Amino acid sequence: FAPDSSTIVYGARWGGDPLKLFVARTDTAESKPLDLPSGDLLAVSKTGDMLLSLGRRYLTSWTSEGTLARARLFGSSARELLEHVRDADFLPGDRLTIIRRVDGRDRLEVPQGTVVFETPGYLSHVRVSPDGQRVGFLEHPFFGDNRGYVAVFDGKGTRRLTPEQRGVEALAWSADGREIWYGGANAESNWPIKAID
């Protein structure tokens, strides 16, 4: 959602075309492409800035990377920031947290440039808490395998919040910042939405 809470930005691809950014509104069923380079959306700030993954490509079924770029919601250009970025989000003070792969290891940088966690597996779905004090993410111990853990960085260190999930995808903070919501596979191979404080 954009800051007005009525505009929705998303990335999609149809018929083998490259990923493209689109905009829609909650009061209409119409959607239109944004005048920006091909890519996917990573985050939208409270001021309407967007973090994009330009040229996003999938390395495995679960892992992707692209060039991190920044753009205004209805702008026509994007400023490239860094290559080989998997995910990113906004921190307070216009800083960024990112996930990227360097020398065969995925790194969580909080803020960008300061490595706080790394793994030979992969990391995904980085999200900053509403108060900006914590960073939630998914830790996958094996590259290309979506089993893993919900984890959090609190400014002092990282810790796992869940036992290993058979598969874990998607992560969001509750509005009050007291819970992390995530989708994880259970023993029946269903994908219920779960919450952990």
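Model, not experiment: these values are computed from the prediction.

So, how was this worked out
- Residues numbered from 1 in each chain as written.
- Predicted model: local features only at pLDDT ≥ 70, side-chain atom pairs only at ≥ 80, totals over all residues.
- Heavy atoms only, no water.
- Helix = DSSP H or I, 4+ residues; strand = E, 2+ residues; numbered from the N terminus.
- Polar contact = N/O pair within 3.5 Å; in protein donor to acceptor, adjacent residues only side chain to side chain.
- Buried < 20%, exposed > 50% of the residue type's maximum accessible area, 1.4 Å probe, protein only.
- Contact = heavy atoms within 4.5 Å.
- Pairing = 2+ DSSP bridges.
- Phe/Tyr/Trp six-rings, centres within 6.5 Å; stacked < 30°, edge-to-face > 60°.

Engineer: Sorry, what's going on with the side chain of Asp106 here?
Structural biologist: Along the chain, Asp106 falls in strand S9 (residues 105–109). At a separation of 2.8 Å, a polar atom in the side chain of Asp106 contacts the side chain of Arg86. Separated by 2.8 Å, the side chains of Asp106 and Arg101 make a polar contact.

Engineer: Is there a simple way to explain the environment of Gly66 in this structure?
Structural biologist: Here Gly66 is to be found in strand S6 (residues 64–72). Here Gly66 falls in the buried class, since its relative accessible area comes to 1%. Those residues in contact with Gly66 that sit more than four places away from it in its chain are Ser53, Leu54, Gly55, Arg56, Arg57, Leu82, Glu83, His84 and Val85.

Engineer: How do you make sense of the pairing of S9 when you look at a structure like this?
Structural biologist: A regular strand carries its side chains on alternate faces of the sheet. Across the five residues that make up S9, a large majority, four, are buried. The pairing of strand S8 (residues 95–102) with S9 spans five bridges and is antiparallel. Paired with Arg100 across the two strands is Arg107, which belongs to S9. Count of turn residues in the S8/S9 antiparallel hairpin: two residues, of which Asp103 carries a positive phi of about 55°. Looking at chain direction, S9 and strand S10 (residues 115–119) are connected through four bridges and run antiparallel. Within S10, the residue paired with Arg107 across the bridge is Glu118. In sequence, S9 turns back onto S10 through a hairpin of five residues, with Gly113 there showing a positive phi of about 100°.

Engineer: Can you walk me through the packing of aromatic side chains in this structure?
Structural biologist: Applying the stated criterion to the full structure yields four aromatic pairs. Between the aromatic rings of Tyr10 and Phe22, the centroid separation amounts to 5.6 Å while the plane-to-plane angle is 20°, which identifies the pairing as stacked. Taken together, the residues Tyr10 in strand S1 (residues 7–12) and Phe22 in strand S2 (residues 20–25) connect sequence positions twelve residues apart. On the basis of relative accessibility, which here comes to 27%, the residue Tyr10 falls in the partly exposed class.

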